[in-house]
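# Structural overview for review
What follows is each chain in one-letter form.
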Amino acid sequence: MNLAVRIDVGSSTPHYEQLRAQLAALITAGALADGQRLPTVRALANDLGIAPGTVARTYRDLEAGGLVLTRRKVGTVVTAPPAALDRAAVTEAAERFVRLARGHGLDDGAIKDAVAAALLGGGSAPEGARRSRSSTVRRSARRDRGALTGAA
């Protein structure tokens, strides 16, 4: 099986999170059908050039989210996605967020980092943790702007 997923080795987003987000998107969009087998951990790791433990962690996270089910001698199979999302509302919210972030001077890389941080935090991080992610995003934005202007 050849999945349409890729790993951006230059991204600050961990490999397992990149893979998890892509597989979750394929499942919720219906590109991976209910009952469809996913590649074995070793096969997918080999195809993507990443460690098998990274793929195993991704599969565990997907299973915890109810998107896949892993059983011995059967492998990892897609389960029916959770209740359908109002995709139009989510897309609209994402577009508003991108406009807001660009309005605050963030480039695409910093915006992706902010989304990745929010996904990793699950939206329920303590207030102090939220502040540290925000300062990380601000530092990233300053670094990116500095790279564009030639500043250090």
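Anything mentioned here points back to the structure above.
Everything in this summary refers to the structure shown in the same document. Since the structure is predicted, the reported quantities are computational estimates derived from the model, not experimental observations.

What follows concerns the overall build of the protein chain. Per the secondary structure count, the protein chain includes six helices and two strands. When the elements of the protein chain are put in sequence order from the N terminus, they spell out α-α-α-β-β-α-α-α. In the protein chain, of all internal contacts separated by at least 6 residues, the share reaching a separation of at least 24 is 54%. When the accessible surface of the protein chain is summed, it comes to about 9700 Å², and 56% of that surface belongs to carbon and sulfur atoms.

With that settled, consider the environment of Val-74. Counting through the fold element by element, Val-74 comes out in the loop between strand S1 (68-71) and strand S2 (75-78). Relative accessible area serves as the criterion here: at 42%, Val-74 is assigned to the partly exposed category. When the C-alpha positions of Val-74 and Arg-37 are compared, they lie 8.4 Å apart, and in sequence the two are 37 residues distant.

Turning our attention to helix H3 (residues 52-64). Structurally, the α-helix is built with 3.6 residues per turn, so residues lying three or four positions apart point the same way. Taking 1.5 Å as the rise per residue, H3 with 13 residues should run 18 Å; its terminal C-alpha atoms sit 18 Å apart, in good agreement. Of the residues making up H3, those classed as buried are Thr-54, Val-55, Thr-58, Tyr-59 and Leu-62. The buried residues of H3 all sit within an arc of 135 degrees when viewed along its axis, so they share a single face. Turned more than 90 degrees away from the buried face of H3 sit Arg-60 and Ala-64, all of them exposed. The inward-facing, buried residues of H3 abut helix H1 (15-28), helix H2 (41-48), S1 and S2. Phi turns positive, to about 80 degrees, at Gly-66, one or two residues after H3.

Moving on, we get to a nonpolar patch on the surface. A cluster of nonpolar side chains, contributed by Phe-97, Val-115 and Leu-119, occupies part of the molecular surface with about 230 Å² of accessible area. Note on placement: Phe-97 falls in helix H4 (residues 87-103).

Take the packing of aromatic side chains next. In the structure shown here, the tally under the stated rule is zero aromatic pairs. Taking NZ or CZ as reference, Arg-57 lies 3.6 Å from the ring centre of Tyr-16, over its face.

Moving on to the nonpolar core. What tends to happen in soluble globular proteins is that the nonpolar side chains get buried as a cluster. Among the nonpolar cores identified, the biggest contains 20 residues, and Leu-19, Leu-23 and Leu-32 are the most heavily contacted of them. For this core, the secondary-structure elements that each account for two or more residues are H1, H2 and H3. Sort the elements by how many residues they give to this core and H1 lands first, with five residues.

Residues of H2 that are buried: Leu-44, Ala-45 and Leu-48. Here the buried residues of H2 occupy an arc of 100 degrees about the axis, which is enough to place them on one side. Within H2, the exposed residues directed more than 90 degrees away from the buried face are Arg-42, Asn-46 and Asp-47. Its buried side turned inward, H2 meets H1 and H3. Looking at the residues trailing H2, positive phi occurs at Gly-49, about 70 degrees.

Here we take up the pairing of S2. Two faces, one strand: in a regular strand the side chains alternate between the faces of the sheet. For S1 and S2, the ladder comprises four bridges, and the chain directions are antiparallel. Looking at S2, one finds that Val-68 is bridged to Val-78. Linking S1 back to S2 in an antiparallel pair, the connection comprises three residues, with Lys-73 at a positive phi of about 65 degrees.

The rules behind each value
Residues numbered from 1 in each chain as written. Predicted model: local features only at pLDDT ≥ 70, side-chain atom pairs only at ≥ 80, totals over all residues. Heavy atoms only, no water. Helix = DSSP H or I, 4+ residues; strand = E, 2+ residues; numbered from the N terminus. Contact = heavy atoms within 4.5 Å. Areas by Shrake-Rupley, 256 points an atom, 1.4 Å probe, with all protein chains shown as cover. Buried < 20%, exposed > 50% of the residue type's maximum accessible area, 1.4 Å probe, protein only. Expected span 1.5 Å × (residues − 1). Arc of directions from axis to C-beta. Patch = residues over 30% accessible without salt bridge, like charges linked within 9 Å, V, L, I, M, F, W, Y side chains within 5 Å. Salt bridge = Lys/Arg side-chain N within 4 Å of Asp/Glu carboxyl O. Phe/Tyr/Trp six-rings, centres within 6.5 Å; stacked < 30°, edge-to-face > 60°. Lys NZ or Arg CZ within 6 Å of the ring centre and 35° of its normal. Core = buried A, V, L, I, M, F, W, Y, C linked by side-chain atoms within 4.5 Å. Pairing = 2+ DSSP bridges.

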